[in-house]
Amino acid sequence: MFVLHIALQGCLRATDVEYGITADTGGHIRYLLDLVTASRRNPAIDRIEIVTRAFHHVAYAECYAEPVETIDGTTRIVRLATASAAYLVKEELWTEHDSLVEALVEHIDALDRRPDVLHAHYADAGLVAARVSKRTGIPYVFTAHSLGRVKRAAFDRDCAETAGLDRRIAIEEEAIASAAAIIASSRDEAEVQYAGYDAYDPGRIRVFAPGSDLKQFADSARDPRVEASIDRFLDDPTKPVILAIARPVTKKNLAALVHAYGQSPALQAAANLVIFAGTRDDLTSLEPEIRDNLAELLQLIDRYDLYGKVAYPKSHRPDDVAAIYAHARAHRGVFANPALNEPFGLTLLEAAASGLPVVATDSGGPNDIVETCGNGILVDPRSPDAITRALQAILSDPALWDRYASAGSVAIKAYDWDRHVALYAELLAEVVDGAAPTTADPDLLLVSDIDGTLIGCAESVGDFATWHRAQSDVAFAIATGRSFHSALAVLGQHDAPRPDILITSVGSEIYYRAYRGAVYDRDAEWEAIIAAGWDREAVAALIDRHGRLMPQSALEQRRYKLSYFAGGDRDAGERVRALLATHGHSCSIIQSHGRYLDILPHAASKGTAVEHVRRRLGLAPRQVIVAGDSGNDIEMLRSARHAIIVGNYSDGLAARPDLSHGYVAVGHHARGVLEGVVHFRGIEAQAS
């Protein structure tokens, strides 16, 4: 497969990238180069080009004007000449769209082999890809890296940082609308950030957490030169360290960290603050946004009289970063990322692998990282008090520091580039060739829960995958409390087969894998059915006032699902049902594991969703087998003729009279599912 990447922002070259030299030379370039490096190891991708703009600038290296930079025999960077030869910030790239499209079409026509797929990075590249795709017929996938609507929401007013955002948002709409698939880095990006766009289609978005070469950080060693660059600022270099590494741009919100530190004598007494904010020489020569943000940081240090307590080195090399983390780890420090929004959070992974607890923004990818690793605290980045409390909580509790520091090692396995590229290459193949079609006329619908049922044992998932590949007459579906994107992501992480049908968010959403392409179609008919009589706002307000429940995170709340923590109260479900009934609301209440409680429209549950899918596929009840392990599977297990309760069940499922028809497997997880399928197929064979 020949993949052509389009990346137009910043100063892009294959090695020694000058991160921070411009406001647009940042993490997306690191992501792209790491993706390309890992892609070169995958046999499915045999040729790669990165297409960018050629430009001249007296302050930047001449390499950015070179037409071709060869990386190896199959990979190169191509720099296209466009209408302007000057370096352009992202806000001005729109002036080059027409010439970029023409130059790229001309370049493709001159190649000895046409690319199979385009991969566009950032808004302007997405628009160029959309127009080139229309001209050439080559499909494209889109990675936004950051989105204009999110930036506008972060500032919630017109200011210098929001200038040009209306144009950028319109460009993003065009890029999103025509993409064959969209790659997001986190659930927040897929389910919250993209949702504000007119072209939003969740079935076309896939969440692939970027990989990272994290072993270097786990094995990082201190460097006397790096230590000296930090220590020279500090009165007491032996104190713990609050570390931040970020480009000095407004969205990284470094000023909030300095405010939090400057307003807290206790925090100043507990730790030094160390900020690596890109590379600078003369402030007056920097781009306005970078210059202004650095000036603000220096002014705040002066305002709070933090001299001797804050280190702010002027530069560092890319190969210094591991030693910077090692310095903070040795001083039992904390890594802080207070960004207004962080689409992913590569530095958080590096900190995690280095053994540093983290305090991170609750907006964006850090939600996924901290959930996966359990290595820190999420905070509202607009609240210096929240930042202070989180930092103090970790710095003042050695046991908590140790737990978070150890937990970060999970990142090394969870965020692996080769795994990322395996999923990425599979997606690209589906975009190019079309997905394997959903079983057109299945003889059996197998529906399984994910957590605790299908997954939980890697070996048994492998057995299930082998079995699944041999089935030609089985429509495989999952029914889960997870969201659509969370479900696909966790299935991919555990190498489980991709389902033909996803029943997600405890039965409130249904998706069908499209016959061709890499997308899923949402079942609008089902949503219309369950919407009847559902007053989400009124139910949420009533629970807020009288429910005595704690809401789960914003990511767990859906249009047709409200999710709470029950705090171990096993009677919470009945109490909430009675409360809602008293106020005229008939809802479906699902409680599982004694801790989680979901409120859905009356018609919504896994059981009713499975019945809807059965009717849509034209199957008889005897042609459906369902499998589950916990309380949120009860409706599905109770309503199905053939119900499997896997051996590792919870919530007393096997003792319930209404589940006495179910088969209680000896095997756990996916092996229990396979055991139950054999059992019920045997019964049906005898009956016929």
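What comes next concerns the included structure.

**Some thoughts on the overall build of the chain**
Part 1: Secondary structure summary: the chain contains 26 helices and 26 strands in total.
Part 2: Against the 2.2 N^0.38 benchmark of 26 Å for 688 residues, the chain shows a C-alpha radius of gyration of 27 Å, consistent with a compact globule.
Part 3: Counting only C-alpha atoms and orienting by the principal axes, one finds that the chain spans roughly 80 × 65 × 45 Å.
Part 4: In the chain, buried positions account for 59% of the 688 residues.
Part 5: Contacts in the chain between residues far apart in sequence, at least 24 positions, make up 68% of those at least 6 positions apart.
Part 6: If you sum the accessible surface of the chain, you get close to 26,800 Å²; carbon and sulfur atoms cover 51% of it.
Part 7: Distance between charge centroids for the chain: 2 Å, based on 70 positive and 93 negative side chains.

**Notes on the side chain of Gln-557**
Part 1: Its place among the elements puts Gln-557 in the loop between strand E20 (550-551) and strand E21 (562-565).
Part 2: A distance of 3.1 Å separates the side chain of Gln-557 from the backbone oxygen of Gln-552, its partner in a polar contact.
Part 3: For Gln-557, the side chain forms a polar contact with the main-chain nitrogen of Ser-563, separated by 2.8 Å.
Part 4: Those residues in contact with Gln-557 that sit more than four places away from it in its chain are Arg-536, Pro-551, Gln-552, Leu-562 and Ser-563.

**With respect to the sheet that holds strand E14 (residues 376-379)**
Part 1: Spatially, six strands are ordered E11-E10-E9-E12-E13-E14 in an open sheet, and the strand pairing comes out parallel. In this open sheet, the two strands that pair with only one neighbour each are strand E11 (310-311) and E14.
Part 2: Bridging between strand E10 (residues 272-276) and E11 involves two bridges; their strand directions are parallel. Residue pairing across strands places Leu-273 opposite Val-310, the latter belonging to E11.
Part 3: Across the face of the sheet, helix H13 (residues 346-354) comes into contact with strand E9 (241-245), strand E12 (334-337) and strand E13 (358-361) while running at roughly 175° to E12.
Part 4: Lying on the sheet, helix H15 (residues 384-395) is in contact with E9, E12, E13 and E14; it crosses E14 at an angle near 170°.

**A look at the pattern of salt bridges**
Part 1: In the structure shown here, the tally under the stated rule is 53 salt bridges.
Part 2: Here Glu-191 makes a salt bridge to Arg-558, at a shortest N to O gap of 3.0 Å. Here Glu-191 is found in helix H6 (residues 187-193), whereas its partner Arg-558 is found in the loop between E20 and E21, with 367 residues between them in sequence.
Part 3: Between Asp-658 and Arg-656 there is a salt bridge, with the nearest N and O atoms lying 3.0 Å from each other.
Part 4: Taken together, the shared-partner salt bridges connect Arg-187, Glu-191, Glu-509, Arg-522, Glu-527, Glu-556 and Arg-558 into one network.

**A short note on empty space enclosed by the protein**
Over the atoms, a rolling probe the size of a water molecule traces out where space has been left empty.
Part 1: Taken as a whole, this structure holds four cavities of 30 Å³ or more when the rule is applied.
Part 2: Reported here for the largest cavity is a volume of approximately 240 Å³.
Part 3: If you go around the largest cavity, you meet 20 residues; those closest to its centre are Tyr-122, Ser-146, Lys-151, Arg-168 and Lys-251.
Part 4: Ranked by residue count, the leading element in the lining of the largest cavity is helix H4 (residues 148-155), at three residues.

**A word on the sheet that holds strand E22 (residues 587-592)**
Part 1: Taken together, the four strands give an open sheet; going across it, the order is E20-E21-E23-E22, and neighbouring strands pair in antiparallel fashion. The open sheet terminates on both sides in strands that have one partner only, identified here as E20 and E22.
Part 2: Where E22 meets strand E23 (residues 596-601), six bridges bridge the pair, whose relative direction is antiparallel. Paired with Ile-589 across the bridge in E23 is Ile-599.
Part 3: The strands touched by helix H22 (residues 536-546) are E21, E22 and E23; relative to E21, the strand with the most contacts, the crossing angle is about 15°.
Part 4: Where helix H23 (residues 572-582) meets the sheet, its contacts fall on E22 and E23, and the angle it forms with E22 comes to roughly 165°.

**Some details on the pairing of strand E2 (residues 47-53)**
Part 1: With respect to burial, E2 is a largely interior element, seven of its seven residues being buried.
Part 2: Covered by surrounding structure in E2 are Arg-47, Glu-49, Val-51 and Arg-53 together with Ile-48, Ile-50 and Thr-52, the residues of both alternating faces.
Part 3: Sheet topology places strand E1 (residues 2-7) next to E2; five bridges connect them, and they run parallel. Residue Val-3 lies in a different strand from E2, and its bridge partner there is Ile-48.
Part 4: Once you follow E1 into helix H1 (residues 27-39) and on to E2, the crossover reads as right-handed.
Part 5: Alignment of E2 against strand E4 (residues 75-80), held across six bridges, turns out to be parallel. Paired with Arg-53 across the strands is Leu-80, a residue of E4.

Basis of the calculations
Residues numbered from 1 in each chain as written. Predicted model: local features only at pLDDT ≥ 70, side-chain atom pairs only at ≥ 80, totals over all residues. Heavy atoms only, no water. Helix = DSSP H or I, 4+ residues; strand = E, 2+ residues; numbered from the N terminus. Rg over C-alpha atoms; globule rule 2.2 N^0.38 Å. Buried < 20%, exposed > 50% of the residue type's maximum accessible area, 1.4 Å probe, protein only. Contact = heavy atoms within 4.5 Å. Areas by Shrake-Rupley, 256 points an atom, 1.4 Å probe, with all protein chains shown as cover. Lys, Arg positive; Asp, Glu negative; His and termini not counted. Charge placed at Lys NZ, Arg CZ, Asp CG, Glu CD. Polar contact = N/O pair within 3.5 Å; in protein donor to acceptor, adjacent residues only side chain to side chain. Pairing = 2+ DSSP bridges. Axes fitted to C-alpha atoms, helices over the stretch in contact; angles between N-to-C directions. Salt bridge = Lys/Arg side-chain N within 4 Å of Asp/Glu carboxyl O. 1 Å grid on protein atoms, 1.4 Å probe; cavity = no way out; pocket = protein on both sides within 12 Å on 5 of 7 lines; lining within 4 Å. Points joined across faces, edges and corners; volume = space filled by probe spheres on them. Right-handed = clockwise from strand over helix to strand, strands pointing away.

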